[in-house]
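Here are the chains, one letter per residue:
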Protein chains: 4
Amino acid sequence: MINLRTDLALEASEIYKRYNTDMPAGVEMTTETKDGILITTVEVKDGEASQLLNKPVGKYITLEGKIIKELNPETTENLSYMLKDYINELTDLKDGDTVLVVGLGNWNITPDALGPQVVEGTMVTKHLIEYIPEHIDDNLRPVCAISPGVLGITGVESSDIVKGIARKINPALIIAVDALASGVPGRISTTIQLTNTGITPGSGVGNAREGLNQDTLGVPVIAIGVPTVVNALSIGVDSATKILDILLKNSEENSELSEKIKHYKNDDGTISGLLADEEKELIVTPKEIDNLISHIAKVISNGINLALHRDIGLEYIESFTF
Amino acid sequence: MINLRTDLALEASEIYKRYNTDMPAGVEMTTETKDGILITTVEVKDGEASQLLNKPVGKYITLEGKIIKELNPETTENLSYMLKDYINELTDLKDGDTVLVVGLGNWNITPDALGPQVVEGTMVTKHLIEYIPEHIDDNLRPVCAISPGVLGITGVESSDIVKGIARKINPALIIAVDALASGVPGRISTTIQLTNTGITPGSGVGNAREGLNQDTLGVPVIAIGVPTVVNALSIGVDSATKILDILLKNSEENSELSEKIKHYKNDDGTISGLLADEEKELIVTPKEIDNLISHIAKVISNGINLALHRDIGLEYIESFTF
Amino acid sequence: MINLRTDLALEASEIYKRYNTDMPAGVEMTTETKDGILITTVEVKDGEASQLLNKPVGKYITLEGKIIKELNPETTENLSYMLKDYINELTDLKDGDTVLVVGLGNWNITPDALGPQVVEGTMVTKHLIEYIPEHIDDNLRPVCAISPGVLGITGVESSDIVKGIARKINPALIIAVDALASGVPGRISTTIQLTNTGITPGSGVGNAREGLNQDTLGVPVIAIGVPTVVNALSIGVDSATKILDILLKNSEENSELSEKIKHYKNDDGTISGLLADEEKELIVTPKEIDNLISHIAKVISNGINLALHRDIGLEYIESFTF
Amino acid sequence: MINLRTDLALEASEIYKRYNTDMPAGVEMTTETKDGILITTVEVKDGEASQLLNKPVGKYITLEGKIIKELNPETTENLSYMLKDYINELTDLKDGDTVLVVGLGNWNITPDALGPQVVEGTMVTKHLIEYIPEHIDDNLRPVCAISPGVLGITGVESSDIVKGIARKINPALIIAVDALASGVPGRISTTIQLTNTGITPGSGVGNAREGLNQDTLGVPVIAIGVPTVVNALSIGVDSATKILDILLKNSEENSELSEKIKHYKNDDGTISGLLADEEKELIVTPKEIDNLISHIAKVISNGINLALHRDIGLEYIESFTF
């Protein structure tokens, strides 16, 4: 099986299904559609399912729809409130609990800058509640936010930076936001995944080596991510497989020809070898990725702000964060 | 023949050779190697050759080498002086002639920002020579530089902006710098093309609709470009063709199988249809494209500065442009 | 009289009044207050008045108020619609007339970046109406927008760049936006001036040497500006004058002391010599000037967009310009 | 005594001298000139001296010179090596000791962005030495670098962030870089202060509330700073004092007039009241502050890199950090 990196549990399930007839018993999947958005919930319930899908035990909620990247004002608003609801579904905060928002990724590389951009849109309130409580509305919760950078910038694992800070401020919840990799070009900036499993080793374009999750940090960690790139390898594998499928459809069943084609279709080594190693590392993005990232970062920071503070609207957020 | 867009005359020649045994009579090609850089000169000498390669009549000099993107200080210096020499080879300036440097492309989209970044590194001297000649060294020539933006930003064709400005300042030469598209991933930021044909309609990621060349501007136009992206389509076509080649090599000659494969290999419609239309428009770049662009923009502005002003070195440029 | 540079006609009037008892006959001034904003209209009606105030003949509308820099969402909205009304008052456009928006100033220097930031928020439509009219609403007018940079960046006078472009696209109106200098710190980002006199030589921090006005461009030019800096000289002169006033108030009338103080108060050479020449050139801004500029640039681009296109609202602008 | 904020020990000494005849016994001050740079070393030796100058006990080295802001390549090089020497004078590192470079200040506010810009130019090596030691030269020391942001951005004290990270990586030395405030306009970007006392509460435009020093962090802390702003108050006080001095010089000694002037000169309340409270908070900078900050940040990061790694030169740094 070609190791097409994906950070989406939904996609891991799809890939699994391609090679197997049934989903593992420990995986539960439900879908619904709301306001033009397809919402898929994947629950990985036990260790066996976790190993088969290569995703930690927990809940994964995926919002999908082309309208996510069109982002007219109405969709932006709907999506922001949907995110609010799903963040609330995954968390269990009490009034006054402190939350730390972490924006993972490299701010210098456009498709990896989602996390840092969400941090910029996050309403940071902890210092205001501490130093000038008399000027701060009661409905606001203490929130702090940090972009720890990446190993190549700081020389320190981002997980170490987050751990160090978490120890100083003792949050009740961490929300980590990161750009994701997908195997499907169409998912770039049209898909948002929320999960209560945190960030796991090796995933994300940020290349986090150690996880950010309840095990490593001692507090619940919600992760929110959006696919912003596809590896060139995915494109190559996809095209090669498709041309073989076309040949196969035009061949006599069980003929020598069809057997040969089937052989190559399953010969992962050959197929993934079509691209040179350095070509595999190339990233595929839409030309207008800068705009798409700003857009979707705004939606996510809106959703986080709405979920964390009581009774505020988008206009309040606008005037607070400008 | 699949329309794999390329802005490189060298690559247009390569593609032509794939489908034909001999190059057109009106094309002359020479190569040499210097300091680890392969230099190919393509001269398109007549209208027939121009039509066959889809490149205007003129001279194209291409510098290629992996060390271009490594850019250690020594290579940077060597390349800067090479560019100086080749710019001088393509131009014929007299002392005191005014030169206009034009940085084409969209500064908001990283792989398209090469031109604007070169403009930032260009030594702009025209106003100094006009207003404070007593403070300016005699060896400097009047140079001005502008990034006209792209149609989507200004609402105006960049060629119209350049024409309007050129009419006001009457330069003796225009040097236009632009990011190019290539069909070969390995050429991204390892290749620099210089040509005396200017920029031609439809080429460049900037999507210039009308050309910038001696015909449209009334002065000689040198164009300098670097491939910064490859279309996803190139990757897909490449992989599909390669897997068919592998199948072919493993088939009996002249068998039904080998004929079918050959049919599909030449069926451009099917092969270019493997990717959905919106997928074809995706761009493929290295992850670290931001750094690569800054790097190579520096080399090009160095080369331009060295070529335009007499007896200056890299240190002088550094202190002038900071 | 100390040459405290001001680009505001209102302030020129105030300074005139400090030294004279009556305003010139050819100056008409009216004020009104709306939504917490003080609106002063100064009309300079003849050449004599123009010379005395050092401002070209024409109409100057100034909006003032501390709430301009607070910029909560409601004020932003009110101000945007006010600007729309005053722009319309100064212009006389027919359906389909093309408008060119010009953002003067240096984008690399925060307090001078107002114009370029307004250009970024301007709805650019000319190319869409030309190339894809079937996808464009009928109520939109052809608008293009450009930031010509400053002499130090391009080597070319920004007026020459604007002239060159204007000649190519033949607009019916030019709207030029620029950061202004004021002599009163409290006016920084709390004041917006609109005028139908265009931009005049020597004014603006952009240091435009030649004017942008109906005389030089052949079409009406509306200028919109906001004070973003005060010269250090203003602070020094202000403090020195105030301490002399305090001394004077505490001196016996007509005493030797009071005469001496009066002498120094009117000794412009001494007072403006309190700061060294290089200190006079220092600029004074609020610490948070980055935010203030973004804010007010948004308000101005909103006002321009609302004025130029029929029947659009702020939400429409938001979805168009993102 | 008017509270003119200064972060320079040298300036604190100058202010002290204005009001007192002798320096405190516990202050030792020496000066020398090298390559056009005036180097002043102030040692605050005991608690009494510390209280009188309002600066912690320790050593302060100040480099001053107009050529610092001219920054031709030769000066840049000289200064970089000078900084190397003085950093080494203040530290005592063993081979292989880890160093953490901290860039204090707000990257969104130009005059406060010195620290973050120095971090960008710092050679970060810790991760390379850990993960790919075989590719790393032996002469490099493990260095990591972080810009913790400011309270208004993260909601967390920057000192808390630094403490959290320091606890995880256990550096042998911390180098903190920050923009400073001065009372003398001429010192802006012409002065560099190095000290072994770290950063103390209330100083710096970053408004750090808690110190970064050996007491709070448990490791030696070197602080490097450059004045980038002067408060408008300094300009006002300066001008008012100067005009009073002129009046005084032109008055008869011991006359009623001269007594009155002397009274006001020492009436700090009146003098500092000449500016409104909000005007006092305005900052005064050169117009080209963006360039000055980039320049001097480069010099400081050069000095730090040279001091921390054995046997490297500026060209090596250039190729490493690009």
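Above this text you will find the structure in question.
Okay, so let's go over this structure. (Residues numbered from 1 in each chain as written. Chains lettered and ligands numbered in written order. Predicted model: local features only at pLDDT ≥ 70, side-chain atom pairs only at ≥ 80, totals over all residues. Heavy atoms only, no water.)

Okay, the overall build of chain A next. The secondary structure content of chain A amounts to 15 helices and nine strands. The C-alpha atoms of chain A give a radius of gyration of 21 Å, which matches the 20 Å a tight globule of 322 residues would have. In terms of overall dimensions, chain A has C-alpha extents of about 80 × 40 × 40 Å along its principal axes. Going through the 322 residues of chain A one by one, you find that 59% of them count as buried. Long-range contacts, defined here as pairs at least 24 residues apart, represent 72% of the contacts in chain A between residues at least 6 apart. Only carbon and sulfur atoms are counted for the fraction: they give 45% of the accessible area of chain A, which is about 12900 Å². Treating the 27 positive side-chain charges of chain A as one cloud and the 47 negative ones as another, the clouds have centres 2 Å apart. (Helix = DSSP H or I, 4+ residues; strand = E, 2+ residues; numbered from the N terminus. Rg over C-alpha atoms; globule rule 2.2 N^0.38 Å. Buried < 20%, exposed > 50% of the residue type's maximum accessible area, 1.4 Å probe, protein only. Contact = heavy atoms within 4.5 Å. Areas by Shrake-Rupley, 256 points an atom, 1.4 Å probe, with all protein chains shown as cover. Lys, Arg positive; Asp, Glu negative; His and termini not counted. Charge placed at Lys NZ, Arg CZ, Asp CG, Glu CD.)

Across the boundary between the two partners, chain B contributes 35 residues, which contact 35 residues of chain A. By the criterion of area lost to chain A, the three top residues of chain B are Ile243, Leu274 and Lys287 of chain B, representing 18% of everything that side buries. At the surface where chain B touches chain A, the tally comes to two salt bridges. Here Glu278 of chain A makes a salt bridge to Lys66 of chain B, at a shortest N to O gap of 3.4 Å. The set of elements that each furnish at least two residues to the side of chain B that touches chain A consists of helix H10 (232–249), helix H11 (256–265), helix H12 (268–272), helix H13 (277–280) and strand S9 (283–285) of chain B. Top element by residues in the side of chain B that touches chain A is H10 of chain B. It accounts for 10 residues. Taken together, the residues of the side of chain B that touches chain A sort by class into 20 nonpolar, eight polar and seven charged. (Buried area = accessible area lost by both parts, 1.4 Å probe. Salt bridge = Lys/Arg side-chain N within 4 Å of Asp/Glu carboxyl O. Nonpolar A, V, L, I, M, F, W, Y, C, P; charged D, E, K, R; others polar.)

Once that is clear, we can look at the packing of helix H5 (residues 114–121) of chain A against helix H14 (residues 289–308) of chain A. All names here are of chain A. Here H5 crosses H14 at 50°, and the two axes come no closer than 8 Å. The pairing of H5 with H14 is recorded here as oblique in orientation. The two elements H5 and H14 meet at a crossing, and its hand is right-handed. Together, Leu114, Gln117, Val118 and Gly121 of H5 and Ile293, Ser294, Ile296, Ala297, Ile300, Ser301, Ile304 and Asn305 of H14 make up the contact between the two elements. Of the residues belonging to the contact of H5 with H14, the class tally is seven nonpolar, five polar and no charged. (Axes fitted to C-alpha atoms, helices over the stretch in contact; angles between N-to-C directions. Parallel < 35°, antiparallel > 145°, perpendicular 65-115°, else oblique. Left-handed = near helix turned anticlockwise from the far one by under 90°.)

Take the pairing of strand S3 (residues 58–64) of chain D next. All names here are of chain D. In terms of burial, S3 is a largely internal element, six of the seven residues being buried. One ladder, built from five bridges, connects S3 with strand S7 (residues 191–195); its direction is antiparallel. From the neighbouring strand, Tyr60 faces S7, where its bridge partner is Thr195. (Pairing = 2+ DSSP bridges.)

Rotating chain B by 180° and moving it 0.0 Å along the rotation axis overlays it on chain A with an RMSD of 0.1 Å. Overall, the copies show the geometry of a two-fold rotation axis. Mapped onto chain A, 100% of the interface residues of chain B are again interface residues, and the two copies thus contact each other with one and the same surface. (Least-squares fit on C-alpha atoms with pLDDT ≥ 70 in both.)

Relative to the 26 Å expected for 18 residues at 1.5 Å per residue, helix H4 (residues 73–90) of chain D spans 26 Å between its end C-alpha atoms, a close match to the ideal helical length. Thr75, Thr76, Leu79, Ser80, Met82, Leu83, Tyr86, Ile87 and Leu90 of chain D are the residues of H4 of chain D that are buried. (Expected span 1.5 Å × (residues − 1).)

This next bit is on the interface of chain B and chain C. Listed per partner, the contact involves 23 residues of chain B and 23 residues of chain C. Regarding the contact of chain B and chain C, the summed buried area is about 1900 Å², with carbon and sulfur atoms giving 65% of it. Summed over the shared surface of chain B and chain C, the result is two salt bridges. With a closest N to O distance of 3.9 Å, Lys168 of chain B and Asp160 of chain C form a salt bridge. Across the chain B-chain C interface, the total number found is four residue pairs in polar contact (both at pLDDT 80 or more). By residue number, the principal contributor to the side of chain B that touches chain C is helix H8 (residues 158–169) of chain B, which donates eight residues. (Polar contact = N/O pair within 3.5 Å; in protein donor to acceptor, adjacent residues only side chain to side chain.)

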